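Each chain is listed here by its residues.
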Amino acid sequence: MILTLDAHIGEVWSLVVASDGSFIVSSGHDKSLRIWERTDDIVFLEEEREKEMENIFDAKLDNQSDPAKTGSMSVPALQAQLKAKESQM
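Bear in mind that the values here come from a model prediction, so they are computed numbers and not experimental data.

A.B. asks: Looking at this model, I keep getting lost on the overall build of the chain. Mind explaining?
C.D. replies: The number of helices and strands found in the chain is two helices and three strands. Tracing the chain from N to C terminus, the helices and strands come up as β-β-β-α-α.

Written as C-alpha cells, this is what we have:
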C-alpha cells in the first residue's frame, strides 16, 4: 500500500477513475460519494511507511496506557504485525 485516503466511515464499495486521470470518485457503506482530485504533490514512500508505523505504535501505546482497553499485544506479535505491514509495501 502506498497511500491511504481516510474519509469513508466503513467499507469502500466502489471506485471510478476519470478517463483523463484528474480525479477519482469513491462510494462507501456510509452512503456518501467522495471526489479525490489529483495533485502535483510528491509522495515519498519511505515517509508514508514511517507515518503508518508511527500510527501503529501510537495506537498500541494508547491501548497500553488505558487499562480499560483490551487486546494488548506482546512484543513478538507486534513485531510480526509490523513485518507483515512492511511486506505489503
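Once you've had a look at it, read on.
A.B. asks: What am I meant to see in the pattern of salt bridges here?
C.D. replies: Opposite charge on two side chains permits them to pair, given that their charged atoms come into close proximity. Under the defined criterion, the tally for this structure stands at three salt bridges. Residue Asp30 pairs with Arg34 through a salt bridge whose shortest N-O separation is 4.0 Å. Relative accessible area serves as the criterion here: at 24%, Asp30 is assigned to the partly exposed category. Here Lys51 and Glu48 are joined by a salt bridge, their closest N and O atoms 3.5 Å apart. Highlighted residues: Lys51 and Glu48, both in helix 1 (residues 45–65), separated by three residues, approximately one helical turn. Owing to a relative accessible area of 17%, Glu48 belongs among the buried residues under this scheme.

A.B. asks: It is not clear to me how the pairing of strand 2 (residues 23–28) should be interpreted in this structure. Could you clarify?
C.D. replies: One face of the sheet, then the other: side chains in a regular strand alternate in exactly this way. Where strand 1 (residues 12–17) meets strand 2, five bridges bridge the pair, whose relative direction is antiparallel. Residue pairing for strand 2: Val16 is matched across the bridge by Val25. Where strand 1 hands over to strand 2, the hairpin turn is made up of five residues, of which Gly21 adopts a positive phi near 75°. Examined bridge by bridge, strand 2 and strand 3 (residues 33–37) share five bridges and lie antiparallel to one another. Each bridged residue has a counterpart across the sheet, and for Ser27 the counterpart in strand 3 is Leu33. Between strand 2 and strand 3, which pair antiparallel in sequence order, lie four residues; one of them, Lys31, sits at a positive phi of approximately 60°.

A.B. asks: Could you clarify how one ought to interpret the confidence of the model for the chain in this entry?
C.D. replies: Caution is warranted with low-pLDDT regions, since their predicted coordinates should not be read in detail. Averaged over every residue, the pLDDT of the chain is 80; residues scoring 70 or more account for 83%. When mean pLDDT is compared element by element in the chain, strand 2 scores highest at 92, while helix 2 (residues 75–88) scores lowest at 73.

A.B. asks: Help me out: how do you make sense of the sheet that holds strand 1 in this one?
C.D. replies: In any sheet, the strands associate via hydrogen bonds between backbone groups, in a parallel or an antiparallel arrangement. Spatial strand order, 1-2-3: three strands in an open sheet with antiparallel pairing. Where the open sheet ends on each side, the last strands, each with one partner, are strand 1 and strand 3. Sheet twist, expressed as the average angle between the axes of neighbouring strands with direction ignored, equals 20°.

A.B. asks: Looking at this structure, how should I read a negative patch on the surface?
C.D. replies: Among the surface-exposed residues, Glu47, Glu50, Glu54, Asp58 and Asp62 lie close enough to one another that they form a single negatively charged patch. Of note, Glu47 is situated in helix 1.

A.B. asks: Help me understand unusual backbone geometry, please; the structure alone is not making it clear to me.
C.D. replies: Peptide bonds are, in most cases, trans, and in most cases residues other than glycine have a negative phi. At Lys31, a residue that is not glycine, the phi angle is positive and equals roughly 60°. Taking relative accessible area as the criterion, Lys31 reaches 76% and is therefore assigned exposed.

Thresholds applied
- Residues numbered from 1 in each chain as written.
- Predicted model: local features only at pLDDT ≥ 70, side-chain atom pairs only at ≥ 80, totals over all residues.
- Heavy atoms only, no water.
- Helix = DSSP H or I, 4+ residues; strand = E, 2+ residues; numbered from the N terminus.
- Salt bridge = Lys/Arg side-chain N within 4 Å of Asp/Glu carboxyl O.
- Buried < 20%, exposed > 50% of the residue type's maximum accessible area, 1.4 Å probe, protein only.
- Pairing = 2+ DSSP bridges.
- pLDDT = per-residue confidence, 0-100.
- Axes fitted to C-alpha atoms, helices over the stretch in contact; angles between N-to-C directions.
- Patch = residues over 30% accessible without salt bridge, like charges linked within 9 Å, V, L, I, M, F, W, Y side chains within 5 Å.
- Areas by Shrake-Rupley, 256 points an atom, 1.4 Å probe, with all protein chains shown as cover.
- Lys, Arg positive; Asp, Glu negative; His and termini not counted.
- Charge placed at Lys NZ, Arg CZ, Asp CG, Glu CD.

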